[in-house]
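# Understanding the architecture of this molecule
Chain by chain, the residues:
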Amino acid sequence: MGARQSSAGSKDKGPRRTGCLRRRQKLSAWDDALLSGRDPRALLKRGMRHISFSLVTKGMTDVPDFLWGLSEVQKLNLSHNQLRVLPPDVGRLSRLVVLNLCGNHLKSLPPELSLLQGLRVLFLNMNRLSELPAELGACRSLEVLSLSHNRLSQLPAGLADLSRLRKLNLSNNCFVHIPVCVFALRELDFLHVGSNRLENIAESIQCLGSLQIFIAENNSIHSFPRSLCLLAGLEVLNLNNNDIQTLPEELYLLGRLVRIAWNPMDKGLHISHNPLARPLPELVEGGLEMLVSYLKDKKHN
């Protein structure tokens, strides 16, 4: 009887140990490191070019304090968590080159972002931002800024100082016009303002002479401005799903648009799902060469 009890007791202990191991296996690498007293620096990944640290999809509502002591971090990924606040301590990570905060619950950003003078890439898409700090304009090394899927309706004027910015994504926000500061970003080669509330494109768009990709689909744009035709470097011009009825006769100036594009990933002119006046719909179906030829003839007659 005692032997059976002893045997039963040993059987009971087995599942508990297994359960404990299973629970331990669920711990993230950084939780495990802290519990064991290891230095979190042991979790830094040292790549060919950058030292990186990643806490993706951890369900975090707060950034762990130990992170702010990792001053050597150059690429930091805190995406797809539940962060509501980015602490001012982020300014202590002065070597950051890439900061990924997409897919959180951020409603605002600390002005201390201005201390990140070497920051080149900033992902803030899929948050709850309704405004940006003016100090962001001090991050003059920025080359890529993604702000899509937020609640923005304006940008601070200071963003005009981001003279190195090449790619700007403002899609899926609440803009009723392209912010004036955008037209000062002369190095932009990519601008996405799709899925906003735009009704027109300002003539100032012609200031963006380096633009190669311009996406303004899913708005309420009423006209195709002639100033767009002065952006001779455009390879992708996406105006799908707007309220455009006519096309400018100067369309032929956009010599790098190679086709009427139907696939979202293709280069060319995207002009489908607009109430184009006849005979434009038939000409669009016939291809870009036919469309441009018609518009040229119209200009000279």
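Residues numbered from 1 in each chain as written. Predicted model: local features only at pLDDT ≥ 70, side-chain atom pairs only at ≥ 80, totals over all residues. Heavy atoms only, no water.

Spatially, 11 strands are ordered S1-S2-S3-S4-S5-S6-S7-S8-S9-S10-S11 in an open sheet, and the strand pairing comes out mixed. Edge positions in the sheet fall to strand S1 (45-46) and strand S11 (268-270), since each has one partner strand and no second. Relative to strand S6 (residues 144-146), strand S5 (residues 121-123) is paired through 3 bridges, and the arrangement is parallel. Paired with Phe123 across the strands is Ser146, a residue of S6. (Pairing = 2+ DSSP bridges. Helix = DSSP H or I, 4+ residues; strand = E, 2+ residues; numbered from the N terminus.)

So, on to the pattern of salt bridges. Scanning the model with the defined rule gives 9 salt bridges in all. Between Arg226 and Glu250 there is a salt bridge, with its nearest N and O atoms 3.2 Å apart. With a gap of 24 residues between them, Arg226 in the loop between strand S9 (213-215) and strand S10 (236-238) and Glu250 in the loop between S10 and S11 connect regions that are remote in the sequence. On the basis of relative accessible area, Arg226 is assigned to the partly exposed category, the value being 49%. (Salt bridge = Lys/Arg side-chain N within 4 Å of Asp/Glu carboxyl O. Buried < 20%, exposed > 50% of the residue type's maximum accessible area, 1.4 Å probe, protein only.)

Bringing unusual backbone geometry into the picture now. Of note, the amide linkage connecting Arg278 to Pro279 takes the cis form, showing an omega dihedral of 10°. Tracing the backbone shows Pro279 in the loop between S11 and helix H3 (280-286). Phi angles above zero are rare outside glycine, and His149 is one such case at about 55°. Relative to the assigned elements, His149 resides in the loop between S6 and strand S7 (167-169). In the Ramachandran plot, Asn172 falls in the positive-phi region, its phi being about 55° despite a non-glycine side chain. Among the residues examined, Asn172 registers a relative accessible area of 29% and is labelled partly exposed.

You can see Ser146 is positioned in strand S6. Using a relative accessible area of 8% as the deciding quantity, one classes Ser146 as buried. Discounting chain neighbours no more than four positions away, the residues touching Ser146 are Leu122, Phe123, Leu124, Asn125 and Asn169. (Contact = heavy atoms within 4.5 Å.)

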